[in-house]
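Spelled out, the chains give:
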Amino acid sequence: FRESDFCACPGEIVALVGTSGEGKTTLLRLILGLIEPDTGKAILKAQDGTEQKLNADTRVCFSYVPQGNTLLAGSIAENLSIAKEGASREEMKTALEMACAWEFVKKLPEGLETKLGERGKGLSEGQSQRIAIARAIVNEPKVLLLDEPLGALDLKLRQSMQYELIRLKEELGITFLYVTHDQEEALTM
């Protein structure tokens, strides 16, 4: 990036759209403080105007759902509690509902205690993706970073998920940074 500015205000859904290799994921890494800019600055600016350099300390403000499957071997409940230690069953259920995942989780033989293999083995790619989104939601973030989050979902589930994300924004005031290569998908957010 050269001579670029980026601003996302509280409660907004901001879509970052571009083809592969254009720097969308790199921008998310800057926001998470995983990398630093060579020149210029990457900051988090509070409503009172104070600025904080984006780094490991500011990472607590964000929940991140990267591209690909990030589930670990263990139960669904264990995967969700990674984001929020001590999350209640009700909090997990609510997050799963918001991620359009509760309907299939409650039908699994052991529900929340269903054991998954590494990378969500035992679930479809779309199911794994929704569990990862629920894990980000259960953390009650101020900002939710979604990197190509709906790619493995069919049209009906994608629309349901978009509706739920919009509802989350309105009810909880979460700011979304939504990365996609699909301009149509971005326009529906």
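The following paragraphs examine the structure supplied in this document. All values derive from a computational prediction rather than experimental measurement.

## Focus on the pattern of salt bridges
Thinking step 1. On inspection of all chains with the given rule, the structure shows eight salt bridges.
Thinking step 2. Note that Lys53 and Glu36 form a salt bridge whose closest N and O atoms lie 3.4 Å from each other. Of this pair, Lys53 sits in strand β3 (residues 51–53) while Glu36 sits in the loop between α1 (24–31) and β2 (43–45), placing them 17 residues apart in sequence.
Thinking step 3. Of the residues examined, Glu36 reaches a relative accessible area of 53% and is grouped as exposed.
Thinking step 4. Two residues, Glu78 and Lys115, come together in a salt bridge whose shortest N-O distance is 4.0 Å. Taken together, the positions of Glu78 in helix α2 (residues 76–81) and Lys115 in strand β6 (residues 115–116) put the pair 37 residues apart, joining distant regions of the chain.
Thinking step 5. The class of Glu78 is partly exposed, set by a relative accessible area of 42%.
Thinking step 6. The class for Lys115 is exposed, based on a relative accessible area of 53%.
Thinking step 7. A cluster of three or more residues bridged by salt bridges with shared partners is formed by Lys84, Glu91 and Glu140.

## Regarding the sheet that holds strand β1 (residues 13–17)
Thinking step 1. Pairing is parallel across the open sheet formed by four strands, whose spatial order is β1-β8-β7-β4. Each end of this open sheet is capped by a strand with a single partner; those strands are β1 and β4 (62–65). Neighbour-to-neighbour, the strand axes of this sheet turn through a mean angle of 15°, independent of strand direction.
Thinking step 2. Here five bridges tie strand β7 (residues 143–147) to strand β8 (residues 175–180), and the two strands are oriented parallel to one another. Paired with Leu144 across the strands is Phe176, a residue of β8.

## Here we look at the side chain of Asp147
Thinking step 1. You can see Asp147 is positioned in strand β7.
Thinking step 2. When residues no more than four places from it in sequence are discounted, the contact partners of Asp147 are Thr25, Leu28, Tyr64, Val65, Pro66, Gln67 and Val179.

## Things to note about the nonpolar core
Thinking step 1. Of all hydrophobic cores here, the largest spans 36 residues; its most connected members are Leu96, Leu112 and Ile131.
Thinking step 2. Of all elements in the fold, only α2, α3 (89–98), α4 (102–105), α5 (125–138), β7, α6 (155–172) and β8 reach the threshold of two or more residues within this core.
Thinking step 3. Here Leu112 is in contact with Ser75, Ile76, Ala77, Leu80, Arg89, Met92, Leu96, Trp102 and Val105, once residues within four sequence places are set aside.
Thinking step 4. One finds Leu16, Leu32, Leu54 and Phe62 within the second-largest nonpolar core, a separate group that totals 14 residues.

So, how was this worked out
Residues numbered from 1 in each chain as written. Predicted model: local features only at pLDDT ≥ 70, side-chain atom pairs only at ≥ 80, totals over all residues. Heavy atoms only, no water. Salt bridge = Lys/Arg side-chain N within 4 Å of Asp/Glu carboxyl O. Helix = DSSP H or I, 4+ residues; strand = E, 2+ residues; numbered from the N terminus. Buried < 20%, exposed > 50% of the residue type's maximum accessible area, 1.4 Å probe, protein only. Pairing = 2+ DSSP bridges. Axes fitted to C-alpha atoms, helices over the stretch in contact; angles between N-to-C directions. Contact = heavy atoms within 4.5 Å. Core = buried A, V, L, I, M, F, W, Y, C linked by side-chain atoms within 4.5 Å.

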